[in-house]
Amino acid sequence: MESSASFRPLVVVGPSGVGKGTLIKKVFDKYVDKFSFSVSYTTRDPREGEENGVHYHFIDHEQFQKMEDEDGFIESCNVHTKKYGTAVCELDRIKSEKKIPVLDIDVQGATKVNSKGIDSVFIFIKPTDSEDIEEVRKILSDRLHGRGTENEEQIQGRIDQAAGEIEAFQNSDFFTYTLINDDLEKTTERLFEIMEKEYEQEFK
Ligand SMILES: Nc1ncnc2c1ncn2[C@@H]1O[C@H](COP(=O)(O)OP(=O)(O)OP(=O)(O)O)[C@@H](O)[C@H]1O
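Just so we're clear, the structure is a prediction, and the values are computed from it rather than from any experiment.

Basis of the calculations
Residues numbered from 1 in each chain as written. Predicted model: local features only at pLDDT ≥ 70, side-chain atom pairs only at ≥ 80, totals over all residues. Heavy atoms only, no water. Helix = DSSP H or I, 4+ residues; strand = E, 2+ residues; numbered from the N terminus. Rg over C-alpha atoms; globule rule 2.2 N^0.38 Å. Buried < 20%, exposed > 50% of the residue type's maximum accessible area, 1.4 Å probe, protein only. Contact = heavy atoms within 4.5 Å. Areas by Shrake-Rupley, 256 points an atom, 1.4 Å probe, with all protein chains shown as cover. Lys, Arg positive; Asp, Glu negative; His and termini not counted. Charge placed at Lys NZ, Arg CZ, Asp CG, Glu CD. Near = heavy atom within 4 Å. Polar contact = N/O pair within 3.5 Å; in protein donor to acceptor, adjacent residues only side chain to side chain. Core = buried A, V, L, I, M, F, W, Y, C linked by side-chain atoms within 4.5 Å. Expected span 1.5 Å × (residues − 1). Pairing = 2+ DSSP bridges. Axes fitted to C-alpha atoms, helices over the stretch in contact; angles between N-to-C directions.

**Let's talk about the overall build of the protein chain**
So, step 1. Per the secondary structure count, the protein chain includes seven helices and nine strands.
So, step 2. In terms of overall size, the protein chain behaves like a compact globule, its C-alpha atoms giving a radius of gyration of 17 Å where 204 residues would be expected to give roughly 17 Å.
So, step 3. Along the first, second and third principal axes, the C-alpha set of the protein chain runs to 45 × 40 × 35 Å.
So, step 4. Going through the 204 residues of the protein chain one by one, you find that 47% of them count as buried.
So, step 5. Long-range contacts, defined here as pairs at least 24 residues apart, represent 65% of the contacts in the protein chain between residues at least 6 apart.
So, step 6. Carbon together with sulfur atoms contributes 46% to the accessible area of the protein chain, which is approximately 11000 Å² in total.
So, step 7. The protein chain carries 27 positive and 42 negative side-chain charges, and their two centres are separated by 3 Å.

**Quick look at the site of the ligand**
So, step 1. Close contacts around the ligand come from 15 residues, with S16, K20, T22, R147 and R158 the closest.
So, step 2. Between S16 and the ligand, the recorded distance is 2.6 Å, taken from a side-chain N or O atom to an oxygen atom.
So, step 3. Bound to the protein, the ligand loses 74% of the 640 Å² it would expose on its own.
So, step 4. Contributions of two or more residues to the shell around the ligand are made by α1 (20–30) and α5 (133–147).
So, step 5. Looking at the shell around the ligand, the element that brings in the most residues is α1, giving three residues.

**Quick word on the nonpolar core**
So, step 1. In terms of nonpolar packing, the biggest core is built from 45 residues, with L10, F35, A110, I123, F175, M195 and Y199 touching the most fellow members.
So, step 2. It is helix α6 (residues 152–170) that contributes the most residues to this core, six residues altogether.
So, step 3. With sequence-adjacent residues up to four places away left out, I123 is seen in contact with L10, V11, V12, V13, F175, Y177, L179, L191, I194 and M195.
So, step 4. Core analysis: the next-biggest nonpolar cluster, separate from the first, contains six residues, Y41, F64, F73 and A87 among them.

**Brief notes about α6**
So, step 1. Taking 1.5 Å per residue as the helical rise, α6 with its 19 residues ought to reach 27 Å, and the 28 Å between its terminal C-alpha atoms agrees with that figure.
So, step 2. If you check which residues of α6 are buried, you get I155, I159, A162, E165, I166, A168 and F169.
So, step 3. The inward-facing, buried residues of α6 contact β1 (10–13), α4 (107–115), β8 (121–126), α5 and β9 (177–180).
So, step 4. Two or three places before E153, at the opening of α6, N151 has a side-chain oxygen 3.1 Å from that residue's backbone nitrogen.

**A look at the sheet that holds β8**
So, step 1. Spatially, the five strands line up as an open sheet ordered β2-β7-β1-β8-β9, and their pairing is parallel. The strands lining the two open edges of the sheet, one partner per strand, are β2 (35–37) and β9. Direction aside, neighbouring strands of the sheet carry axes that sit 25° apart on average.
So, step 2. Both β2 and strand β7 (residues 100–104) contribute to a ladder of three bridges, which runs parallel. If you follow F37 over to β7, its bridge partner there is V102.

**Comments concerning the sheet that holds strand β6 (residues 82–87)**
So, step 1. Pairing is mixed across the open sheet formed by four strands, whose spatial order is β4-β3-β6-β5. At either margin of the open sheet sits one strand with a lone partner, and together these are β4 (57–58) and β5 (73–79).
So, step 2. Direction of pairing for strand β3 (residues 41–42) relative to β6: antiparallel, over a ladder of two bridges. Bridge pairing in β6 places T42 opposite Y84.
So, step 3. Along the sheet, helix α3 (residues 88–96) contacts β3, β4, β5 and β6; its crossing angle with β6, the most-contacted strand, is approximately 35°.

This is the structure we're talking about:
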């Protein structure tokens, strides 16, 4: 896929509950019509309130396999028995709208985007600068309970995955920025500074 200065995706990575969705929304609200969310494809079932084409493109295993066989994904992965992927056609759609794609994916996905040579702004978001995993778990637990969109079992599953996500991050060296989201207002300000620096041309 062609990559150019006006098409550098913004790739936001971090454990569940760290604030990715919240921060991405701040970017959309401030830079109206500049960014567009890359809607992933998945074989999992839609949850209540999720809309096809908005939250995900919901497809079956056969369709997913066909897209994989045709090199239709920039990156794809398995989570338990379900598949998730960022489609080439989705990024092409955003490019044709002359907008900057925003990818909310995991470290493995970001690693694949990087290894494909797609010039991107990679941002990893951490909940605290502490290395104490118990502290990390407590913060994410409080935030996910506060958000209230998952049941207890799902929250525990997400928190268990967080340690793996942070560990995978420690072993990756391509992230352009690391943000510590311990204070939403300050993190938002820092994120806007990064956007102004990285997308100066696009905002003109
Ligand atoms: N700095 C912060 N301090 C306290 N609470 C925060 C902070 N940033 C975000 N939150 C809150 O934490 C909760 C989780 O945030 P959010 O939904 O953005 O996480 P996420 O990283 O997108 O998670 P997921 O990957 O599960 O979608 C939300 O209720 C949000 O309002």
